[in-house]
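Topology and contacts: notes
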Amino acid sequence: MRPPVILKTTSFFDSSYSSPSDRRLSTLANHFVCAHNPMASHDSISASPTAAFDSVFAQIVRAPEDPILGVTVAYNKDPSPVKLNLGVGAYRTEEGKPLVLNVVRRVEQQLVNDVSRNKEYIPITGLADFNKLSAKLIFGSDSPAVQENRVTTVQGLSGTGSLRVGGEFLAKHYHQRTIYLPTPTWGNHPKVFTLAGLSVKAYRYYAPSTRGLDFEGLLEDLSSAPSGSIVLLHACAHNPTGVDPTLEQWEQIRQLIRSKALLPFFDSAYQGFASGSLDADAQPVRLFVADGGELLVAQSYAKNMGLYGERVGALSIVCKSSDVASRVESQLKLVIRPMYSSPPIHGASIVAAILKDGNLYNEWTIELKAMADRIISMRQQLFDALVARGTPGDWSHIIRQIGMFTFTGLNSEQVSFMTNEYHIYMTSDGRISMAGLSSKTVPHLADAIHAAVTRVV
Ligand SMILES: Cc1ncc(COP(=O)(O)O)c(C=O)c1O
């Protein structure tokens, strides 16, 4: 039997076949093959790579890699044994390995062994226990807002999904559509809120000259925001700068926001990660809740419970009365239902089990503090290593900044130099994830920074 004849052609996505006339020609060629070779069925052709010729997506241009996730893509391609990925915001052990918390492993075992559990859909708003406990975690167990049922909490797809649901809810139901984001901010914020239907504006946050907070600029920009505007605030461990306001500064920000009737939307992706204390890191949010005013909070359990890929988070909206809160919740359901119907069960079950049980909760806080402490010690070690090398410049911001990231102040040319010469990967804005460092890799990073600042101006 003769094998079917299949035209050897280039993929339709290749530029040589990009014009419509080329496409028509290739389709005609396929018909010709079928018509003149009885063994070449349409099936054999459509199962071959030539099927790409007829793609209705042929005009699609390749999108750029995500600036943060793209760092990992480049890192993975580098064969160097000394390569170091400081781009991604995920915790690593001293050995450079991802960490699953012991308490999480233990609870997962319990969940798996519990034969009474099933995989039924959970409600649109998620697990009720998880929601209640998440609200208590961020607002405090004695929070009047929680006790008076003025808070509605829905389970979300980690921090990102919770921000997105909050954004869409505001775009549909709130009288102001403008959200102010700090400059700089997490790269996904502008995209999340724009696609949610809000209009994005910026307020000053970081002062490159001091590598600290531009507090005057922040107050000035928020003072001139139209009344009612939404303001995105990083609850703690600001990403990417690692610069947080002091509690006194938070108090001034609160007074300004309330006096101008702005609506605060907190992004809490690092509770417990900044200081090692869940309560201390929640102080800014609690300051705003204590005044009785309204606000939104998106929580993520990616970092503080290491549940990155489980996508566990929550959106809470604090209202003035329980009646308003329950009407808000009814509308949140209408946002969620057509988006993903209902959230996943597994990760939220782990979180609920840990938050519910005193012993598991204590075990979690110990493991969380160990992660935060390791990051803080990496800051000190990197600072000491730069001082020991006599690296030009003031590096005290490394120990002043807080949370997962250090905003080094290195420029994009210096970053490229460090990647090319030292195989160190980070975002081009000079942000490094302290969680990706270890005592073993600090000297390599310090050598690279020293070389970058002395050789690349
Ligand atoms: C400031 C900030 N918000 C939200 C997120 C969302 O993370 P996730 O969707 O993984 O919970 C991140 C993650 O890096 C972040 O840094």
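These numbers come from a predicted model, not from an experiment.

Quick notes on the nonpolar core
- Trp364, Leu382 and Met418 are the most contacted members of the largest nonpolar core, which has 65 residues in total.
- Elements that contribute at least two residues to this core include exactly helix H4 (102-113), helix H5 (128-139), strand E10 (312-318), helix H13 (346-356), helix H14 (358-389), helix H16 (412-422) and helix H17 (442-455).
- Element by element, the count of residues in this core is highest for H14, at 10 residues.
- Excluding residues that lie within four positions of it along the chain, tryptophan 364 makes contacts with Leu101, Val103, Leu137, Leu278, Asn304, Met305, Ile354 and Leu355.
- Ala145, Val151, Tyr205 and Phe266 belong to the second largest nonpolar core, which has 34 residues in total.

Observations concerning the packing of H16 against H17
- Two elements in contact, H16 and H17, have axes separated by 9 Å at closest approach and are oriented at 130°. In this view, H16 runs oblique relative to H17, as classed from their interaxial angle. Relative to H17, the crossing made by H16 is right-handed. Packed against H16, whose contacting residues are Gln414, Phe417, Met418 and Tyr422, the element H17 presents His444, Leu445, Asp447, Ala448, Ile449, Ala451, Ala452, Val453 and Arg455 at the interface.
- Per-class residue counts for the contact of H16 with H17 are 9 nonpolar, 2 polar and 2 charged.

Observations regarding the layout of surface pockets
- Considering only enclosed or pocket space, the second largest pocket measures out at about 390 Å³ in volume.
- Lining the second largest pocket are 20 residues, with Tyr174, Leu263, Glu294, Ile317 and Val318 sitting closest to its centre.
- Listed by contribution, the elements that provide at least two residues to the lining of the second largest pocket are helix H7 (158-173), strand E9 (295-300), E10 and helix H12 (322-340).
- Broken down by class, the residue content of the lining of the second largest pocket amounts to 13 nonpolar, 3 polar and 4 charged.

Structural notes on the site of the ligand
- Taken together, 13 residues lie around the ligand, and Ser158, Thr160, Asn239, Asp267 and Ser300 are the ones closest in.
- One of the side-chain nitrogen or oxygen atoms of lysine 303 is found 3.1 Å away from an oxygen atom of the ligand.
- Protein chains shield 91% of the accessible area of the ligand, which is 390 Å² for the free molecule.
- Examining the composition of the shell around the ligand, we find that 3 residues originate from one element, H7, more than from any other.
- Taken together, the residues of the shell around the ligand break down into 4 nonpolar, 6 polar and 3 charged.

Quick word on the packing of aromatic side chains
- Counting across every chain of the model gives 11 aromatic pairs.
- Relative to phenylalanine 288, the ring of tryptophan 250 lies with its centre 6.4 Å away and its plane at 85°, an arrangement referred to as edge-to-face. Residue tryptophan 250 is found in helix H10 (residues 247-259), and its partner phenylalanine 288 is found in helix H11 (residues 278-290); the two are separated by 38 residues along the sequence. Each member of the pair, tryptophan 250 as well as phenylalanine 288, is classed as buried.
- Arranged with centres 5.1 Å apart and planes meeting at 80°, the rings of phenylalanine 266 and phenylalanine 288 form a pair that is edge-to-face.

Section: the sheet that holds E9
- Taking strand neighbours across the sheet as the criterion, the 7 strands line up as E2-E10-E9-E8-E7-E3-E4 in an open arrangement whose pairing is mixed. In the strand order of this sheet, the two ends are held by strand E2 (151-157) and strand E4 (199-204), each with one partner. Averaged over all adjacent pairs, the angle separating strand axes in this sheet is 25°, with direction ignored.
- Alignment of strand E7 (residues 230-234) against strand E8 (residues 263-268), held across 5 bridges, turns out to be parallel. In the strand pairing of E8, leucine 232 is matched with phenylalanine 265.
- Sheet contacts for H12: E2 and E10; angle to E2, the most-contacted strand, approximately 15°.

Some points on the pairing of E9
- Burial analysis of E9 places 6 of its 6 residues in the buried class, the great majority of the element.
- Side-chain alternation along E9 places Leu295, Val297 and Gln299 on one buried face and Leu296, Ala298 and Ser300 on a second face that is also buried.
- Two elements, E8 and E9, share 4 bridges in a ladder whose sense is parallel. Bridge pairing links aspartate 267 to alanine 298 in E9.
- For the crossover that starts at E8, traverses H11 and ends in the parallel E9, the hand is right-handed.
- Here E9 pairs with E10 via 6 bridges, running antiparallel. For valine 297, the partnering residue across the bridge sits in E10 and is serine 316.

The rules we used
- Residues numbered from 1 in each chain as written.
- Predicted model: local features only at pLDDT ≥ 70, side-chain atom pairs only at ≥ 80, totals over all residues.
- Heavy atoms only, no water.
- Core = buried A, V, L, I, M, F, W, Y, C linked by side-chain atoms within 4.5 Å.
- Buried < 20%, exposed > 50% of the residue type's maximum accessible area, 1.4 Å probe, protein only.
- Helix = DSSP H or I, 4+ residues; strand = E, 2+ residues; numbered from the N terminus.
- Contact = heavy atoms within 4.5 Å.
- Axes fitted to C-alpha atoms, helices over the stretch in contact; angles between N-to-C directions.
- Parallel < 35°, antiparallel > 145°, perpendicular 65-115°, else oblique.
- Left-handed = near helix turned anticlockwise from the far one by under 90°.
- Nonpolar A, V, L, I, M, F, W, Y, C, P; charged D, E, K, R; others polar.
- 1 Å grid on protein atoms, 1.4 Å probe; cavity = no way out; pocket = protein on both sides within 12 Å on 5 of 7 lines; lining within 4 Å.
- Points joined across faces, edges and corners; volume = space filled by probe spheres on them.
- Near = heavy atom within 4 Å.
- Polar contact = N/O pair within 3.5 Å; in protein donor to acceptor, adjacent residues only side chain to side chain.
- Areas by Shrake-Rupley, 256 points an atom, 1.4 Å probe, with all protein chains shown as cover.
- Phe/Tyr/Trp six-rings, centres within 6.5 Å; stacked < 30°, edge-to-face > 60°.
- Pairing = 2+ DSSP bridges.
- Right-handed = clockwise from strand over helix to strand, strands pointing away.

Such coordinate-based values are descriptive only and should not be taken to indicate function.
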